[in-house]
Amino acid sequence: MKKIVLFIHLFLSLFAFAQNEQLAQYYYDKGDFEKAKISYEELLQEIPLNSQYFLRIIDCSQQLQQFDSAEKAIQERLEKYNQGNLLVELGYNFQLQKNDAKAKIYYEQALDRIRKNPNEVYGISNAFERKVLLEYALKSYQTATELEPNFNFNYQIGLLYGQLSNMEMMISTFLDEAFANPQNSIRIQNQLVRFMVDEGDANFNEILRKALILRTQKNQDLFWNHYLSWFYVQQKEFEKAFIQEKAIYKRNPESLANIVNLGQLAIEEENQETAKEILGFVLENTQDLELLIQANSYLVTMKIEKASENDFAAISTELDGLLKQFEISPFTLSLQLIQAHFTAFNLKKPEEGKAIVKRALELQLNDYELANAKMELADILLYEEKFNQALIYYSQIELDLKNDVMAHEASLKAAKTSYFKTDFAWALKQFKELKSANTQLIANDALEYFLLINDNTAADSTQTALKQFAKGDYLLYQNRNQEAVTQFQTILKNNKGQEIEAVTLLRLGKIYEKKGDFALALSQYQTIIDQHSNGIYIDEALYFSAEIYNKQLLPEKAKPLYEKVLFNHQDSIYFVEARKKFRQLRGDTNL
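Each value, and the rule that gives it
Residues numbered from 1 in each chain as written. Predicted model: local features only at pLDDT ≥ 70, side-chain atom pairs only at ≥ 80, totals over all residues. Heavy atoms only, no water. Helix = DSSP H or I, 4+ residues; strand = E, 2+ residues; numbered from the N terminus. Expected span 1.5 Å × (residues − 1). Contact = heavy atoms within 4.5 Å. pLDDT = per-residue confidence, 0-100. Axes fitted to C-alpha atoms, helices over the stretch in contact; angles between N-to-C directions. Parallel < 35°, antiparallel > 145°, perpendicular 65-115°, else oblique. Left-handed = near helix turned anticlockwise from the far one by under 90°. Nonpolar A, V, L, I, M, F, W, Y, C, P; charged D, E, K, R; others polar. Buried < 20%, exposed > 50% of the residue type's maximum accessible area, 1.4 Å probe, protein only. Phe/Tyr/Trp six-rings, centres within 6.5 Å; stacked < 30°, edge-to-face > 60°. Lys NZ or Arg CZ within 6 Å of the ring centre and 35° of its normal. Core = buried A, V, L, I, M, F, W, Y, C linked by side-chain atoms within 4.5 Å.

Participant: Would you mind showing me how to read the environment of Gly-516 here?
Facilitator: As for its placement among the helices and strands, Gly-516 is situated in the loop between helix H28 (500-515) and helix H29 (518-531). Through-space distance from the C-alpha of Gly-516 to that of Gln-552 is 9.5 Å; in sequence the pair is 36 residues apart.

If you want it as structure tokens, here you go:
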């Protein structure tokens, strides 16, 4: 019984203590420093060794400009515990009073502590960093490293150089650390990307490029070719990345997997000429069955995307030839599914397409291969307007691969199926859930449809125009593009000035772009810019217009369009790319 009473008493004490801690934090966050200070003093009495409570008391005293009280408390704790970081706190207390000379004395004393005992660097450097005394933090790490060569603070030093805007030293330190400790390379690359994309000055990328080139010239280690290739991929300069990957392969011809992946990245960024060159190199230099199938799959997919009806017979013959060459097996599943999709969606023979998939489903497939085959079968069933059958297969994938990217993709396709059959209430619920998906492309796609349904339902409770729009999207899905154009044009004619107009113009613009009619595409986007400048599609109209001018027509005309995205639409998903391309057109040396 005594044990139970003791346990209850202990539990209640801990609960009360946790509540007091929350109360202290509440007062602190609220800016009520007087009450926060009293609360933290009570907590410190309970746990005198808790440095966080003590530092909060000092911070509250300083916020209340009670500098003498803070100084006395720090001095007493320094005498009692002799912790080097308290010298930093003491110096900072004087700095807040504009007494920089006195502050410097204590900062130097803190550095002297490191000189006498390098192990004190952890607490002291951390104190300097918390106070944003970056030069002293840097000196702390450097002093400790000089005295104790086994210490490695290169990552922290690199970060501090970056915060101090010393880009050359940051890059040099990071690259030296990456080479010495390759296990830290990904972590360092993530930091470099921040400066390349988000925080860098106009010269950062150029400094990094030169530093990498210099290292490849001075040091023949393939590590630097890999790093330079990585850099060019970040810049989407796939031709230059390919040069580095070829150099790596020639010296170490073990695998072409990295080169295949580079080809895939080039495809994703619509750099098809470079992708063809990369994948052609793969075909010339490997007998590996998996790589041969992968490369041929990418190449034939690119052909299908750009093909007209006149090309269909040749593509069909090529697919037959590839499957005859490599045979029907789990290894050639990607080619079989490409053939099934091409047969159903391009040749308009869905029954034959389904037969190809069903033959594949009889093979010994793993879970992911099985899901891929089921996804294609569901896509073809959706093409045939067999909505419920398609939903069954999408649901199976969701259940079989819970929380996997492929499961999210199946969920998105299921939501679109509900949308196509104009079950907008259910589709809206599904799109709402998918807005927070881990995969950005799926989240963006879900958000687009969520806004489309939500906005147009609010504008028209009968959903008449939305139903017509969904039909147009379904025609696009079925690859019936000309019929889709007619459908969207009818919507425009019947809904002048209505909510649905802007997104309809956007759809037409993308169709015309795909057909290569850039003037007509630009006219759709310009109507959005002129007549729907306050709508949710204005950033897309600006960005897509800029892309057409930049890639197809007059790059100089793209610059002001990218600039409008930068200054007026910072929340746009196209913001980062617009900024990069604007800088390129402006002639910034870092790009």
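Participant: Which parts of the structure should I look at to understand helix H18 (residues 312-326)?
Facilitator: Since the α-helix packs 3.6 residues into each turn, any two residues three or four apart lie on the same face. Compared with an ideal rise of 1.5 Å per residue, which puts 15 residues at 21 Å, H18 spans 21 Å between its outermost C-alpha atoms and is within 8% of the ideal. Contact partners of the buried residues in H18: helix H17 (289-306) and helix H19 (333-346). With its phi angle positive at about 75°, Glu-327 sits one or two positions after the end of H18.

Participant: Which parts of the structure should I look at to understand the confidence of the model for the chain?
Facilitator: Any region with low pLDDT has predicted coordinates that should not be read closely. Summing up the model confidence of the chain, the mean pLDDT is 89 and the portion of residues at 70 or higher is 95%. Confidence over residues 5-17 falls short of pLDDT 50; this stretch has 4 contacts with residues more than four positions distant or in other chains.

Participant: Whenever I open this one, the packing of helix H26 (residues 464-477) against H28 confuses me. Can you help?
Facilitator: The geometry of H26 relative to H28 is characterised by a closest axis approach of 11 Å and an angle of 10° between their N-to-C directions. Relative to H28, the element H26 lies roughly parallel. The handedness of the crossing between H26 and H28 comes out as left-handed. Of the residues in H28, those in contact with Ala-465, Leu-466, Phe-469, Asp-473 and Leu-476 of H26 are Ile-500, Val-503, Thr-504, Arg-507 and Ile-511. Of the residues that constitute the contact of H26 with H28, the class distribution is 7 nonpolar, 1 polar and 2 charged.

Participant: Looking at this model, I keep getting lost on unusual backbone geometry. Mind explaining?
Facilitator: Glycine aside, the phi torsion of most residues is negative, and most peptide linkages are trans. One non-glycine residue, Lys-236, adopts positive backbone phi at about 60°. Relative to the elements of secondary structure, Lys-236 occurs in the loop between helix H13 (222-234) and helix H14 (238-251). Residue class for Lys-236 comes out partly exposed when judged on its relative accessible area of 29%. Positive phi, close to 60°, is recorded for Glu-270, a residue that is not glycine. Overall, Glu-270 belongs to the exposed group, its relative accessible area being 62%.

Participant: I'm lost on the packing of aromatic side chains in this one. Help?
Facilitator: By convention here, two paired aromatic rings are described through the distance between centres and the angle between planes. Under the defined criterion, the tally for this structure stands at 39 aromatic pairs. A centroid spacing of 5.4 Å and a plane angle of 20° characterise the contact between Phe-179 and Trp-224, whose relative ring orientation is stacked. One end of the pair, Phe-179, is in helix H10 (residues 167-180); the other, Trp-224, is in helix H13, and 45 residues separate them in sequence. Here the aromatic rings of Phe-469 and Phe-488 are separated by 5.1 Å at their centres, their planes lie at 55°, and the arrangement is tilted. Here the residue Phe-469 occupies a position in helix H26, and Phe-488 occupies one in helix H27 (residues 481-494), the gap between them amounting to 19 residues. An aromatic cluster is built from Phe-345, Tyr-383, Phe-387, Tyr-419, Phe-420, Phe-424, Phe-431, Tyr-449, Tyr-474 and Tyr-477, whose rings are joined through pairwise contacts. One Lys or Arg, Arg-187, reaches over the ring of Tyr-155 and ends 3.7 Å from the middle of that ring.

Participant: It is not clear to me how the nonpolar core should be interpreted in this structure. Could you clarify?
Facilitator: If you look at soluble globular proteins, the nonpolar side chains tend to sit buried side by side. Grouped together as the largest cluster of nonpolar side chains are 88 residues, with contacts concentrated most on Phe-128, Met-170, Leu-175, Leu-192, Phe-204, Leu-208 and Tyr-227. Those residues in contact with Leu-192 that lie beyond four places of it in its chain are Met-170, Ile-171, Phe-174, Leu-175, Phe-204, Leu-208, Tyr-227 and Trp-230.

Participant: What should I look at first to understand the packing of helix H21 (residues 367-383) against helix H23 (residues 405-420) in this one?
Facilitator: Packed helix pairs are characterised by how far apart their axes lie and by the angle those axes make with each other. Between H21 and H23, the least distance of the axes is 11 Å, while the angle of their chain directions is 10°. The orientation of H21 with respect to H23, classified from their angle, is roughly parallel. The residues of H23 that touch H21, namely those facing Tyr-368, Ala-371, Asn-372, Met-375, Asp-379 and Leu-382, are Met-406, Glu-409, Ala-410, Lys-413, Thr-417 and Phe-420. Counted by class, the contact of H21 with H23 contains 7 nonpolar, 2 polar and 3 charged residues.

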